[in-house]
Amino acid sequence: MTRLDIRTRSQPGHYRIEIGAGALQKLGPLARQALNGTTRRVIIISNSTVYRLFGPHTAKSLTTSGFGALHWLMGDGERFKSLRTIERLLIFLNRSGLERGDAIVALGGGVVGDLAGFAAAVHLRGIRLIQVPTTLLAQIDSSVGGKTGINLPDGKNAVGAFHQPSLVVTDLETLVTLPPRELVAGLCETVKQGAVSSRKLFAETMSCLALLRSKKETLVSGRFENLIASHCAFKASIVSGDEREDLERVDSRSRRILNFGHTIAHALESLTSYRYFRHGEAVGYGILVAADLSNKIGLLGRGDLSSLNEAVRLCGRLPKADFLEPEAVIRLIGRDKKSVGGSVKWILLERIGRPRIVDEKEIPRRLLLRSLRAALSHEGVRG
Ligand code: NAD
Ligand code: GLY
């Protein structure tokens with residue numbers, strides 16, 4: 001097991017991230033340590049796919065440690081990260097009489113984690129939250145850093161709150177049942193995070209991708225445990241310096257750099273009505289565009305560009321995107337303007353490990369079009 005102590009500014013003290021194969025069996029004692037004596041009850045929020053796999057173990061570990069444990073299941077999928085679901089959940093929490101000292105356990109991927117986290121942020125103005133992430137994306141990204149929220153019909157993550165967890169328990173064994181596309185999506189997010197972190201973490205990520213690809217390594221291994229821990233530590237280090245994503249900040253340690261690849265990813269997801277790409281797959285294409293553009297405007301060298309292309313290829317097959325019209329993608333990037341002070345801010349790279357926030361005015365449209373065309377028809381991403 002690997003343990004990370006994460007300091008936060010907005011909430012007193014710190015929280016722990018516990019990572020390891022079989023960590024779920026230790027959830028009860030770890031929760032008891034993290035929550036202290038005031039917690040009598042916990043509610044496990046999950047969906048039926050995940051609860052069927054891991055729910056009974058989770059509940060048993062918690063009840064053995066003296067917690068009263070109930071569960072509440074939401075629908076499976078991004079469309080259930082909605083106002084309607086949160087309304088039903090908040091009514092359930094209220095009727096169950098969950099007290100201020102009690103806690104929510106979010107058992108699932110990023111969808112469950114974001115919605116359950118938001119419920120924890122607003123029920124009785126905030127109760128404690130334990131994240132038990134079961135997708136790779138959630139283990140390296142969404143369970144760390146305190147962003148919670150739901151979608152509106154026209155706005156992804158349009159409503160939310162910052163609410164740091166009291167504990168994160170990451171069990172590598174949960175990844176074994178992950179559908180292949182979810183794994184590819186999570187691996188693309190490791191490339192995204194590796195690219196903006198450091199050459200060292202990027203190299204570690206690349207070597208894990210290559211070993212997974214050649215089947216010389218599995219997800220349930222010491223090497224992978226170290227990789228997930230390094231990603232969590234990097235994300236937490238960025239978040240601790242910019243917990244609420246200050247929009248004034250444009251330096252290479254601002255939280256916004258974690259959105260590398262996301263300008264294009266959001267446009268691709270929106271263009272296909274959130275039904276075609278998994279989020280991480282769209283991020284895979286977003287990385288290819290952002291890396292190529294970084295090179296075309298004279299920031300990123302060819303060697304790093306090739307490494308990034310190779311890293312995305314190693315993640316596995318991405319759904320075809322050559323039928324998408326680059327002009328239509330650009331129109332959707334434009335629609336994002338209002339949310340960033342009238343101008344799109346791109347996260348580009350000077351080199352691997354050195355992100356730079358670039359205003360759209362510095363990006364010639366013809367270069368963006370060329371990068372988009374190249375990425376959307378990229379042979380390399382066929383796996
Ligand atoms: P997801 O939560 O929809 O999970 C993907 C699928 O895998 C679902 O069908 C789920 O039921 C299934 N699943 C989960 N764990 C499983 C397991 N161990 N075995 C088998 N099946 C399993 O998708 P995701 O990619 O984890 O999360 C995407 C969400 O995360 C998006 O809503 C995104 O906005 C959000 N997100 C949030 C943050 C943040 O900082 N809060 C960061 C990145 C992404
Ligand atoms: N996933 C980006 C962030 O947490 O800020």
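In case you missed it, the structure is sitting above this.
All values derive from a computational prediction rather than experimental measurement.

Colleague: What should I look at first to understand the site of ligand 2 in this one?
Modeller: Ligand 2 sits among Asp141, Lys147, Lys235, Glu245, Arg255, Leu258 and Asn259. Within the side chain of aspartate 141, a nitrogen or oxygen atom sits 3.2 Å from a nitrogen atom of ligand 2. Separating an oxygen atom of ligand 2 from a side-chain N or O atom of arginine 255 is a distance of 2.7 Å. Protein chains bury 87% of the 200 Å² of accessible surface belonging to ligand 2 in isolation.

Colleague: What should I look at first to understand the layout of surface pockets in this one?
Modeller: Rolled over the atoms, a probe as big as a water molecule pinpoints where empty space is left. Looking at the second largest pocket, its volume works out to about 390 Å³. Along the walls of the second largest pocket sit 22 residues, with His14, Ala34, Arg128, Pro165 and Ser166 positioned nearest its centre. Residue assignment for the lining of the second largest pocket shows that the elements contributing at least two residues are strand S2 (14-20), helix H1 (27-35) and strand S6 (128-133). Of the residues belonging to the lining of the second largest pocket, the class tally is 8 nonpolar, 10 polar and 4 charged.

Colleague: Would you explain helix H10 (residues 279-296) in this entry?
Modeller: Count 3.6 residues to each turn of an α-helix, and residues three or four apart come out pointing the same way. With 18 residues, H10 ought to run about 26 Å at 1.5 Å a step, and its terminal C-alpha atoms sit 26 Å apart, in line with that. Within H10, 17 of the 18 residues are buried, which leaves it mostly tucked inside the rest of the structure. Residue glycine 298 follows H10 closely and has a positive phi angle near 90°.

Colleague: It is not clear to me how empty space enclosed by the protein should be interpreted in this structure. Could you clarify?
Modeller: Scanning the entire structure with this criterion turns up 3 cavities of 30 Å³ or more. Of the voids in this model, the largest cavity is the one considered here, and its volume is about 50 Å³. Taken together, Ala106, Gly108, Gly109, Gly110, Gly113, Asp114, Gln131, Val132, Pro133, Ala138, Ser142 and Ser143 make up the full set of residues lining the largest cavity. Where the lining of the largest cavity is concerned, the elements lending two or more residues are strand S5 (103-108), helix H4 (110-122), S6 and helix H5 (136-142). In terms of residue class, the lining of the largest cavity is made up of 4 nonpolar, 7 polar and 1 charged.

Colleague: For this particular structure, what's the right way to read the sheet that holds S6?
Modeller: Two pairing modes exist for strands in a sheet, parallel and antiparallel, and in both the strands are linked by backbone hydrogen bonds. Strand order in this open sheet of 7 strands is S1-S2-S9-S6-S5-S3-S4, and the pairing throughout is mixed. Both outer strands of the open sheet, strand S1 (2-7) and strand S4 (68-74), are each paired with one neighbouring strand and no more. In this sheet, neighbouring strand axes are inclined to one another by 20° on average, regardless of whether the strands run parallel or antiparallel. Relative to strand S9 (residues 167-171), S2 runs parallel, the two sharing 5 bridges. When the sheet's bridge partners are listed, isoleucine 19 is paired in S9 with threonine 170. Packed onto the sheet, helix H2 (residues 48-64) meets strand S3 (41-47), S4 and S5 and runs at close to 165° relative to S3. Together, S3, S4 and S5 form the strand contacts of helix H3 (residues 83-96), whose direction differs from that of S4 by roughly 160°.

Colleague: Could you clarify how one ought to interpret the pattern of salt bridges in this entry?
Modeller: It is possible for side chains bearing opposite charge to pair when their charged atoms get close. Tallying each qualifying case throughout the model produces 23 salt bridges. Arginine 313 is the salt-bridge partner of glutamate 310, the closest N and O atoms lying 3.0 Å from each other. Of this pair, glutamate 310 and arginine 313 both sit in helix H11 (residues 302-315), separated by 3 residues, roughly a single helical turn. Of the charged contacts in the structure, one is a salt bridge between lysine 320 and aspartate 322, with a shortest N-O distance of 3.5 Å. For aspartate 322, a relative accessible area of 40% gives the class partly exposed. Connected through shared salt-bridge partners, Glu78, Lys81, Asp114 and Lys156 make up one network.

Colleague: Honestly, the packing of aromatic side chains in this entry has me stumped. Any pointers?
Modeller: Aromatic rings in a pair are described by how distant their centres are and how their planes are angled relative to each other. Per the counting criterion, the structure on display carries 4 aromatic pairs. Centre to centre, the rings of tryptophan 72 and phenylalanine 92 are 6.3 Å apart; their planes meet at 40°, and the pair counts as tilted. Here the residue tryptophan 72 occupies a position in strand S4, and phenylalanine 92 occupies one in helix H3, the gap between them amounting to 20 residues. When its relative accessible area of 25% is taken as the criterion, phenylalanine 92 is described as partly exposed. Ring-pair connections join several aromatic residues into one group, and the members of that group are Tyr276, Phe277, Tyr285 and Phe323. Positioned above the aromatic ring of phenylalanine 67, the side-chain terminus of arginine 32 is 3.9 Å from the ring centre.

Colleague: Teacher, can you tell me more about the pairing of S1 here?
Modeller: Moving residue by residue along a regular strand, the side chains alternate between the two faces of the sheet. Burial of the side chains of S1 is restricted to one face: Thr2, Leu4 and Ile6 are buried, whereas none of Arg3, Asp5 and Arg7 on the reverse face is. For S1 and S2, the ladder comprises 6 bridges, and the chain directions are antiparallel. When the sheet's bridge partners are listed, arginine 3 is paired in S2 with glutamate 18.

Colleague: Can you help me understand the site of ligand 1 in this one?
Modeller: Close to ligand 1 lie 27 residues, the nearest being Glu78, Thr134, Thr135, Thr174 and Thr177. Between ligand 1 and lysine 81, the relevant distance is 2.8 Å, taken from an oxygen atom to a side-chain nitrogen or oxygen of the residue. One of the side-chain nitrogen or oxygen atoms of lysine 156 is found 2.8 Å away from an oxygen atom of ligand 1. Summarising the interface, the protein chains cover 90% of the accessible area of ligand 1, which totals 860 Å² for the free molecule. The set of elements that each furnish at least two residues to the shell around ligand 1 consists of H2, H4, H5 and strand S8 (155-162). Residues of the shell around ligand 1, tallied by class, amount to 7 nonpolar, 10 polar and 10 charged.

Procedures and definitions
- Residues numbered from 1 in each chain as written.
- Chains lettered and ligands numbered in written order.
- Predicted model: local features only at pLDDT ≥ 70, side-chain atom pairs only at ≥ 80, totals over all residues.
- Heavy atoms only, no water.
- Near = heavy atom within 4 Å.
- Polar contact = N/O pair within 3.5 Å; in protein donor to acceptor, adjacent residues only side chain to side chain.
- Areas by Shrake-Rupley, 256 points an atom, 1.4 Å probe, with all protein chains shown as cover.
- 1 Å grid on protein atoms, 1.4 Å probe; cavity = no way out; pocket = protein on both sides within 12 Å on 5 of 7 lines; lining within 4 Å.
- Points joined across faces, edges and corners; volume = space filled by probe spheres on them.
- Helix = DSSP H or I, 4+ residues; strand = E, 2+ residues; numbered from the N terminus.
- Nonpolar A, V, L, I, M, F, W, Y, C, P; charged D, E, K, R; others polar.
- Expected span 1.5 Å × (residues − 1).
- Buried < 20%, exposed > 50% of the residue type's maximum accessible area, 1.4 Å probe, protein only.
- Pairing = 2+ DSSP bridges.
- Axes fitted to C-alpha atoms, helices over the stretch in contact; angles between N-to-C directions.
- Contact = heavy atoms within 4.5 Å.
- Salt bridge = Lys/Arg side-chain N within 4 Å of Asp/Glu carboxyl O.
- Phe/Tyr/Trp six-rings, centres within 6.5 Å; stacked < 30°, edge-to-face > 60°.
- Lys NZ or Arg CZ within 6 Å of the ring centre and 35° of its normal.

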